[in-house]
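Examination of the molecular architecture
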Amino acid sequence: MKKHILVIPGDGIGQEVTTWGKAVLEKIGQQGGHEFTFDEALMGHAAIEATGTPLPDETLEKAKASDAILFGAIGHIKYDNDPTAKVRPEQGLLKIRKELGLYANLRPIMLFDELLGASSLKPEILKGTDILFFRELTGDVYFGEKKRSDDRNTASDLMIYHRYEVERIARKAFEAAQARTKRLCSVDKANVLEASRLWREVVQELAKEYPDVETEHMFIDNAAMQLVKNPKKFDVVLTANLFGDILTDEASQIAGSMGMLASASVGDGTGFFEPIHGSAHDIAGQDKANPLASILSVALMFEISFGLKEEAARITSAIDKVLKDGYRTADIADAATDKSKILGTTAMGQKVLEYL
Ligand code: NAD
Ligand code: IPM
Ligand code: MN
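If you look the chain up in an unreviewed UniProt entry, it shows as 3-isopropylmalate dehydrogenase from Mucilaginibacter limnophilus. Database annotation for the chain, UniProt heading Catalytic activity (unreviewed entry): "(2R,3S)-3-isopropylmalate + NAD(+) = 4-methyl-2-oxopentanoate + CO2 + NADH". According to the UniProt record, the Function (unreviewed entry) comment for the chain reads "Catalyzes the oxidation of 3-carboxy-2-hydroxy-4-methylpentanoate (3-isopropylmalate) to 3-carboxy-4-methyl-2-oxopentanoate. The product decarboxylates to 4-methyl-2 oxopentanoate."

**With respect to the site of ligand 1**
As a structural note, the neighbourhood of ligand 1 is formed by 23 residues, with Asp80, Glu90, Gly278, Ala280 and Asp282 the closest of them. Taking Ile74, its main chain carries an N or O atom lying 2.9 Å from an oxygen atom of ligand 1. Between ligand 1 and Ala280 there is a distance of 2.8 Å, counted from an oxygen atom to a backbone nitrogen or oxygen. When ligand 1 is considered free in solution it has 800 Å² of accessible area, and contact with the protein chains removes 72% of it. Of all the elements in the fold, those that place two or more residues in the shell around ligand 1 are strand E3 (68-73) and helix H5 (89-99). Each residue belonging to the shell around ligand 1 can be placed in one class, and the counts come to 10 nonpolar, 8 polar and 5 charged.

**Focus on the pattern of salt bridges**
By the definition in use, this model includes 24 salt bridges. The partner of Arg163 in a salt bridge is Glu205, and the shortest N-O contact between them spans 3.1 Å. Taken as a pair, Arg163 in helix H7 (residues 163-179) and Glu205 in helix H8 (residues 194-207) lie far apart in primary sequence, 42 residues in all. Classification of Arg163 by relative accessible area gives partly exposed; the value is 35%. Given a relative accessible area of 38%, Glu205 falls into the partly exposed group.

Calculation criteria
What you see as residue numbers is a count from 1 along each chain, following the sequence as written. Naming scheme: in the order in which they are written, chains are lettered from A and ligands are numbered from 1. Under the rules for a predicted model, residues below a pLDDT of 70 receive no local features and side-chain atom pairs below 80 are neither given nor counted, while totals for whole chains, interfaces and linings still include all residues. Excluded from the side-chain calculations are hydrogens and water; all other atoms, namely the structure's heavy atoms, are used. UniProt positions are given in the numbering used here, feature names are shortened, and annotations may be inferred rather than shown by experiment. A molecule or strand has a residue near it when one of that residue's heavy atoms lies within 4 Å. Any N or O atom pair separated by 3.5 Å or less is treated as a polar contact, with the protein-specific requirement of one donor-capable and one acceptor-capable atom, and with residues adjacent in sequence counted only for side-chain atom pairs. All accessible-area figures derive from a Shrake-Rupley calculation using a 1.4 Å probe, and residue coverage is judged against the displayed protein chains alone. Put simply, DSSP marks the helices as runs of H or I at least four residues long and the strands as runs of E at least two long, and each gets a number from the N terminus on. Three categories are distinguished: nonpolar for Ala, Val, Leu, Ile, Met, Phe, Trp, Tyr, Cys and Pro, charged for Asp, Glu, Lys and Arg, and polar for the others, with Gly belonging to the last. When a carboxyl oxygen of Asp or Glu is within 4 Å of a side-chain nitrogen of Lys or Arg, the pair counts as a salt bridge. The cut-offs for exposure are 20% and 50% of the maximum accessible area for each residue type, with area from a 1.4 Å probe on protein chains only; residues under the lower value are buried, those over the upper are exposed, and the others partly exposed.

Given below as structure tokens:
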């Protein structure tokens, strides 16, 4: 199979971890059967510095011309602490999601048994958890009209959903539920928000087309609580953009760390594969970031964009073996970890390549 992949490292640890996602792609290419070609492009703070804009036209053109995109993370502390900045790294990510029609963000909560002790939650609560989040990605309060009054004292972001936007992601989630344990939980705030009432209405209507799927509706506040109380009760979780953003960072603690959660953003065209974490200013440039989320994002690319299930499984199994042999990055180490096996980003990336 011949595929052209655009790599967008972005900022901070995005650059560090993407090196290893790409290295895994290269290694699988060298192992035979597939030819992967690469291009690289700027986004986020790196792009603002070089071109003045967080998503240069060139990046978008390269993205549209590729078969899949491997993205790292964007963000810079300068903007986090300056709410008045008009041009911001995050705008690049939001724009590329919109331009590529990436309306469905799949965030699997995959739990490696070896990491049961790495979580802040009790192993007996976690064991056996396997959740697939469908986070809507191109609507909601993220893309509704933003306003600030002339006196700067009033601000608003419009939470808006159209029926077709709810319907298309809900269909994907129902189809995934059919292929899994046939349970779907739709999370909203329909007791308060009109956009959520539309969401619930649409999901209820669609549920009639999937009678084999057991559909449940839950309010976001309750879902946030249930997720740590009894994560096993969830299988496919369908939710809106903002709720999904927050719930999946919370759910990363089930898998042990933000550094373990990969994601696939899909929709109308080229698939976009990204860890759920950000540029992590607190550890950037220190060779501390866990590269496994980026490497697992490559496994999702193989499975979802290329239909290469065997290669995807090879990646997951290499990670599993690395963990079984006791190797950890600092974020997933626990009291039982042999200190000499706590690796930096580079050594962990190399370990996975070695086991692949
Ligand atoms: P973050 O995800 O960058 O970091 C949150 C915490 O998780 C930090 O303590 C960090 O050290 C840790 N962490 C994250 N990834 C890790 C990894 N691979 N290995 C080990 N530890 C890891 O979130 P934040 O601190 O709220 O945001 C930092 C910047 O990133 C902000 O500018 C934000 O806008 C941006 N951001 C970007 C994305 C993205 O590009 N998709 C996602 C979230 C945040
Ligand atoms: C994510 C991030 C982004 C989001 C930000 C950086 C725009 O938190 O990918 O989860 O909120 O979608
Ligand atoms: Mn997020």
